[in-house]
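# Structural features, examined
Chain by chain, the residues:
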Amino acid sequence: MTQDELKQAVAAAAIAYVVDGEIIGVGTGSTANFFIDELARIKHRIKGAVASSEATAARLRGHGITVFDLNDVAAIAVYVDGADEITPAGAMIKGGGAALTREKIVASVAARFVCIADGSKLVDTLGRFPLPVEVLPMARAAVMRKLTALGGQPKLRLKAGSDAGFITDNGGEIIDVAGLSISDPVALEREINQIPGVIAVGLFALRGADVCLLGEGDGVRTLTF
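Going along each chain's sequence as written, the residues are numbered from 1 onward. With the structure being a predicted model, the display of local features is reserved for residues of pLDDT at least 70 and the display and counting of side-chain atom pairs for 80 or more, all residues being used for whole-chain, interface and lining totals. Computation of side-chain values covers all heavy atoms of the structure but excludes hydrogens and water.

## What to know about the overall build of the chain
- In terms of helices and strands, the chain carries six helices and 13 strands.
- Over its C-alpha trace the chain gives a radius of gyration of 17 Å, about what one expects of a compact globule, namely 17 Å for 225 residues.
- Any residue under 20% of the maximum accessible area for its type is buried, any over 50% is exposed, and the rest in between are partly exposed; the area is computed with a 1.4 Å probe on protein chains only. Taking all 225 residues of the chain together, the buried fraction comes to 52%.
- Here the analysis covers contacts within the chain between residues at least 6 apart in sequence; of these, 71% occur between residues at least 24 apart.
- Only the protein chains shown count as cover for residues, and all accessible areas are computed by the Shrake-Rupley method using a 1.4 Å probe. With the model as given, the accessible surface of the chain reaches about 10000 Å², and the carbon-plus-sulfur share is 51%. Helix numbering and strand numbering both begin at the N terminus, where a helix is a DSSP run of H or I of at least 4 residues and a strand a DSSP run of E of at least 2. To get the radius of gyration, use the C-alpha atoms; to get the globule rule, take the number of residues to the power 0.38 and multiply by 2.2 Å. Should any heavy atoms of two residues lie within 4.5 Å, those residues are considered in contact.

And the structure:
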(Lines give C-alpha, C1' and ligand atoms only; values in the text may rest on other atoms or scores of the structure.)
Protein backbone atom coordinates (compact mmCIF):
# COMPACT_ATOMS: atom_id res chain seq x y z
CA MET A 1 0.00 0.00 0.00
CA THR A 2 1.15 3.54 -0.70
CA GLN A 3 1.49 6.06 2.14
CA ASP A 4 -1.67 7.81 0.96
CA GLU A 5 -3.54 4.51 0.98
CA LEU A 6 -2.38 3.89 4.55
CA LYS A 7 -3.57 7.37 5.57
CA GLN A 8 -6.89 6.75 3.86
CA ALA A 9 -7.29 3.48 5.75
CA VAL A 10 -6.72 5.00 9.19
CA ALA A 11 -8.93 7.98 8.36
CA ALA A 12 -11.78 5.63 7.51
CA ALA A 13 -11.16 3.59 10.66
CA ALA A 14 -11.32 6.73 12.80
CA ILE A 15 -14.97 7.25 11.86
CA ALA A 16 -15.81 4.46 14.33
CA TYR A 17 -14.72 6.83 17.14
CA VAL A 18 -17.02 9.67 16.09
CA VAL A 19 -19.77 10.23 18.65
CA ASP A 20 -23.18 10.86 17.09
CA GLY A 21 -24.78 14.19 17.91
CA GLU A 22 -21.55 15.69 19.24
CA ILE A 23 -18.94 18.22 18.12
CA ILE A 24 -15.71 16.69 16.80
CA GLY A 25 -12.22 18.21 17.10
CA VAL A 26 -10.25 17.94 13.87
CA GLY A 27 -6.50 18.26 13.39
CA THR A 28 -4.34 19.59 10.60
CA GLY A 29 -2.24 17.98 7.90
CA SER A 30 -2.47 15.43 5.12
CA THR A 31 -3.78 12.57 7.28
CA ALA A 32 -6.33 14.84 8.96
CA ASN A 33 -7.47 15.93 5.48
CA PHE A 34 -8.33 12.33 4.66
CA PHE A 35 -10.32 12.17 7.89
CA ILE A 36 -12.22 15.36 6.98
CA ASP A 37 -13.18 13.81 3.65
CA GLU A 38 -14.45 10.71 5.47
CA LEU A 39 -16.27 12.85 8.05
CA ALA A 40 -18.13 14.59 5.25
CA ARG A 41 -19.84 11.29 4.44
CA ILE A 42 -21.48 11.23 7.89
CA LYS A 43 -21.83 14.97 8.53
CA HIS A 44 -25.56 14.51 9.18
CA ARG A 45 -24.63 12.53 12.31
CA ILE A 46 -22.66 15.29 14.06
CA LYS A 47 -23.36 18.84 15.24
CA GLY A 48 -20.17 20.10 13.63
CA ALA A 49 -16.47 20.45 14.30
CA VAL A 50 -13.81 22.58 15.96
CA ALA A 51 -10.82 23.14 13.67
CA SER A 52 -7.18 23.31 14.72
CA SER A 53 -6.18 25.64 11.86
CA GLU A 54 -7.59 28.00 9.28
CA ALA A 55 -6.78 25.44 6.57
CA THR A 56 -8.76 22.74 8.37
CA ALA A 57 -11.68 25.12 8.94
CA ALA A 58 -11.77 25.92 5.22
CA ARG A 59 -11.76 22.24 4.25
CA LEU A 60 -14.53 21.43 6.74
CA ARG A 61 -16.69 24.30 5.47
CA GLY A 62 -16.00 23.20 1.91
CA HIS A 63 -17.70 19.91 2.79
CA GLY A 64 -20.65 21.70 4.37
CA ILE A 65 -19.61 20.85 7.94
CA THR A 66 -20.42 23.54 10.52
CA VAL A 67 -17.27 24.93 12.18
CA PHE A 68 -17.57 26.12 15.78
CA ASP A 69 -15.31 28.55 17.62
CA LEU A 70 -13.83 26.73 20.61
CA ASN A 71 -14.99 29.56 22.89
CA ASP A 72 -18.58 28.60 22.06
CA VAL A 73 -18.11 24.91 22.84
CA ALA A 74 -18.38 23.41 26.32
CA ALA A 75 -17.06 19.96 25.44
CA ILE A 76 -15.58 17.95 22.57
CA ALA A 77 -16.23 14.21 22.51
CA VAL A 78 -13.20 13.24 20.44
CA TYR A 79 -10.25 14.90 18.75
CA VAL A 80 -8.78 13.22 15.66
CA ASP A 81 -5.37 14.20 14.31
CA GLY A 82 -2.16 12.83 12.86
CA ALA A 83 1.36 12.78 14.28
CA ASP A 84 4.89 13.22 13.01
CA GLU A 85 6.09 10.63 15.54
CA ILE A 86 4.39 8.59 18.26
CA THR A 87 5.82 6.23 20.88
CA PRO A 88 4.31 2.98 22.22
CA ALA A 89 3.29 5.04 25.28
CA GLY A 90 1.26 7.53 23.22
CA ALA A 91 3.61 10.53 23.44
CA MET A 92 3.90 12.42 20.16
CA ILE A 93 5.80 15.01 18.19
CA LYS A 94 3.40 17.19 16.21
CA GLY A 95 3.72 20.45 14.35
CA GLY A 96 5.07 19.57 10.94
CA GLY A 97 2.07 21.46 9.59
CA ALA A 98 2.74 24.41 11.95
CA ALA A 99 -0.61 24.09 13.75
CA LEU A 100 0.78 22.70 17.01
CA THR A 101 -0.56 25.41 19.32
CA ARG A 102 -4.18 25.18 18.21
CA GLU A 103 -3.90 21.39 17.99
CA LYS A 104 -2.73 21.30 21.61
CA ILE A 105 -5.55 23.59 22.73
CA VAL A 106 -8.30 21.61 21.00
CA ALA A 107 -6.85 18.29 22.18
CA SER A 108 -6.84 19.57 25.78
CA VAL A 109 -10.62 20.05 25.66
CA ALA A 110 -11.44 16.68 24.09
CA ALA A 111 -12.55 13.70 26.15
CA ARG A 112 -10.62 11.38 23.82
CA PHE A 113 -7.64 11.89 21.50
CA VAL A 114 -7.45 9.53 18.53
CA CYS A 115 -4.17 9.67 16.63
CA ILE A 116 -4.21 8.46 13.03
CA ALA A 117 -0.90 7.73 11.31
CA ASP A 118 0.89 5.39 8.98
CA GLY A 119 3.08 2.79 10.62
CA SER A 120 6.34 4.63 9.89
CA LYS A 121 5.43 7.21 12.56
CA LEU A 122 5.76 4.71 15.42
CA VAL A 123 9.17 5.09 17.11
CA ASP A 124 10.74 3.90 20.35
CA THR A 125 12.25 7.32 21.13
CA LEU A 126 11.04 10.71 19.89
CA GLY A 127 13.42 13.09 18.17
CA ARG A 128 14.29 11.77 14.75
CA PHE A 129 11.70 14.22 13.42
CA PRO A 130 12.79 17.78 14.32
CA LEU A 131 10.79 19.12 17.26
CA PRO A 132 8.71 22.19 16.33
CA VAL A 133 8.52 25.05 18.82
CA GLU A 134 6.24 28.03 18.18
CA VAL A 135 7.66 31.31 19.50
CA LEU A 136 6.91 35.02 19.62
CA PRO A 137 9.00 36.58 16.84
CA MET A 138 10.82 38.96 19.23
CA ALA A 139 11.97 35.97 21.33
CA ARG A 140 13.29 33.88 18.44
CA ALA A 141 17.02 34.31 19.10
CA ALA A 142 16.72 34.03 22.88
CA VAL A 143 14.67 30.84 22.63
CA MET A 144 17.10 29.35 20.09
CA ARG A 145 19.96 29.87 22.55
CA LYS A 146 18.01 28.05 25.26
CA LEU A 147 17.19 25.17 22.91
CA THR A 148 20.86 24.89 21.93
CA ALA A 149 21.75 24.65 25.62
CA LEU A 150 19.35 21.72 25.88
CA GLY A 151 21.39 19.89 23.24
CA GLY A 152 19.27 20.72 20.21
CA GLN A 153 20.12 22.21 16.84
CA PRO A 154 17.45 24.87 16.31
CA LYS A 155 16.63 26.29 12.90
CA LEU A 156 14.03 28.88 11.94
CA ARG A 157 11.36 27.48 9.63
CA LEU A 158 11.18 29.62 6.50
CA LYS A 159 8.24 30.50 4.34
CA ALA A 160 8.33 28.44 1.13
CA GLY A 161 10.45 30.17 -1.51
CA SER A 162 11.50 32.94 0.86
CA ASP A 163 14.18 33.91 3.35
CA ALA A 164 11.48 35.18 5.75
CA GLY A 165 10.26 33.16 8.69
CA PHE A 166 7.07 31.15 8.32
CA ILE A 167 4.21 32.84 10.19
CA THR A 168 1.57 30.69 11.91
CA ASP A 169 -2.16 31.33 12.22
CA ASN A 170 -1.31 32.86 15.62
CA GLY A 171 1.33 35.28 14.32
CA GLY A 172 4.16 33.17 15.74
CA GLU A 173 7.28 31.71 14.15
CA ILE A 174 8.38 28.07 14.16
CA ILE A 175 11.78 26.84 15.31
CA ASP A 176 12.52 23.24 14.29
CA VAL A 177 14.93 21.54 16.69
CA ALA A 178 17.00 18.65 15.35
CA GLY A 179 19.46 16.45 17.21
CA LEU A 180 17.32 15.60 20.23
CA SER A 181 16.84 12.10 21.63
CA ILE A 182 13.81 12.58 23.85
CA SER A 183 13.90 9.88 26.51
CA ASP A 184 11.58 11.78 28.88
CA PRO A 185 9.06 13.68 26.73
CA VAL A 186 6.94 14.82 29.70
CA ALA A 187 9.92 16.46 31.43
CA LEU A 188 11.16 18.09 28.22
CA GLU A 189 7.69 19.39 27.38
CA ARG A 190 7.48 21.05 30.81
CA GLU A 191 10.98 22.50 30.49
CA ILE A 192 10.48 24.03 27.05
CA ASN A 193 7.06 25.37 28.05
CA GLN A 194 8.81 27.43 30.73
CA ILE A 195 11.15 29.25 28.31
CA PRO A 196 9.97 32.88 28.02
CA GLY A 197 8.72 33.56 24.50
CA VAL A 198 7.61 29.99 23.77
CA ILE A 199 3.98 29.83 22.68
CA ALA A 200 3.84 26.03 22.51
CA VAL A 201 6.12 23.07 21.93
CA GLY A 202 5.20 20.24 19.60
CA LEU A 203 5.58 17.61 22.31
CA PHE A 204 2.24 16.00 23.13
CA ALA A 205 3.16 13.98 26.20
CA LEU A 206 1.42 15.70 29.11
CA ARG A 207 -1.72 15.13 27.05
CA GLY A 208 -0.86 12.33 24.66
CA ALA A 209 -3.06 10.11 22.54
CA ASP A 210 -5.64 7.78 24.08
CA VAL A 211 -5.82 5.63 20.93
CA CYS A 212 -3.57 5.37 17.89
CA LEU A 213 -4.73 3.86 14.61
CA LEU A 214 -1.65 2.79 12.66
CA GLY A 215 -1.89 2.04 8.97
CA GLU A 216 0.25 -0.96 8.06
CA GLY A 217 0.59 -3.17 5.01
CA ASP A 218 -1.78 -5.78 6.39
CA GLY A 219 -4.39 -3.38 7.76
CA VAL A 220 -5.01 -0.94 10.62
CA ARG A 221 -3.47 -1.71 14.02
CA THR A 222 -5.04 -0.19 17.12
CA LEU A 223 -2.90 0.89 20.08
CA THR A 224 -4.54 2.05 23.31
CA PHE A 225 -2.81 3.93 26.10
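Read on for the rest.
## Quick word on the pattern of salt bridges
- Any Lys or Arg side-chain nitrogen found within 4 Å of a carboxyl oxygen on Asp or Glu counts as a salt bridge. Per the stated rule, a full pass over the model turns up 13 salt bridges.
- With a shortest N-O distance of 2.8 Å, Arg45 and Asp20 are connected by a salt bridge. One end of the pair, Arg45, is in the loop between helix H2 (30-40) and strand S2 (48-51); the other, Asp20, is in the loop between helix H1 (3-14) and strand S1 (23-26), and 25 residues separate them in sequence.
- On the basis of relative accessibility, which here comes to 29%, the residue Arg45 falls in the partly exposed class.
- Salt-bridge contacts for Glu189 lead to Lys104; the nearest nitrogen and oxygen are separated by 3.0 Å. Separated by 85 residues along the polypeptide, Glu189 in helix H6 (residues 185-193) and Lys104 in helix H4 (residues 100-109) bring together distant segments of the chain.
- In this structure Glu189 comes out as buried when scored by relative accessible area, which is 4%.
- One salt-bridge network, held together by shared partners, links Asp81, Lys94 and Glu103.

## With respect to the nonpolar core
- We call a set of buried Ala, Val, Leu, Ile, Met, Phe, Trp, Tyr and Cys residues a nonpolar core when their side-chain atoms join them within 4.5 Å. Phe35 and Leu39 are the most contacted members of the largest nonpolar core, which has 26 residues in total.
- Among the elements of the structure, H1, S1, H2, S2, helix H3 (54-62), strand S3 (78-81), strand S6 (113-118) and strand S12 (211-216) are those that each provide at least two residues to this core.
- With five residues, the top contributor of residues to this core is H2.
- Ignoring anything within four residues of it in the chain, the contact list for Leu39 reads Ile15, Val18, Val26, Ile46, Leu60 and Ile65.
- Judged by nonpolar contacts, the second largest core, of 22 residues, contains Val177, Ile182, Ile195 and Leu203.

## Here's the deal with the pairing of strand S7 (residues 131-135)
- Counting buried residues along S7, five of its five residues qualify, which places the element largely inside the surrounding structure.
- A two-sided burial pattern is seen for S7, the buried positions comprising Leu131, Val133 and Val135 on one face and Pro132 and Glu134 on the other.
- Where S7 meets strand S9 (residues 173-178), five bridges bridge the pair, whose relative direction is antiparallel. Within S9, the residue paired with Glu134 across the bridge is Ile174.
- For two strands to be treated as a pair, DSSP must find at least two bridges joining them. Sheet topology places S7 next to strand S10 (residues 198-201); three bridges connect them, and they run antiparallel. In the strand pairing of S10, Glu134 is matched with Ala200.

## Describing the environment of Ile195
- In this structure, Ile195 sits in the loop between H6 and S10.
- Since its relative accessible area comes to 9%, Ile195 is described here as buried.
- Along the backbone, Ile195 and Ala142 are 53 residues apart, and their C-alpha atoms lie at a distance of 9.1 Å.
- Excluding residues within four positions of it along the chain, Ile195 makes contact with Val143, Lys146 and Leu147.

## Concerning the sheet that holds strand S4 (residues 85-86)
- Strands sit in the order S4-S5-S11 across an open sheet of three strands; the sheet is antiparallel. Single-partner strands in this sheet number two, and they are S4 and strand S11 (203-204).
- Alignment of S4 against strand S5 (residues 92-93), held across two bridges, turns out to be antiparallel. Opposite Ile86, over in S5, you have Met92 as the bridge partner.

## Overview of the state of the cysteines
- Throughout, disulfides are identified as pairs of cysteine sulfur atoms within 2.5 Å of each other. One pass over the full model with this rule turns up zero disulfides.
- Unpaired in terms of disulfides, Cys115 finds its nearest cysteine sulfur in Cys212, a separation of 3.9 Å.
- Take Cys115: its relative accessible area is 0%, and that puts it in the buried class.

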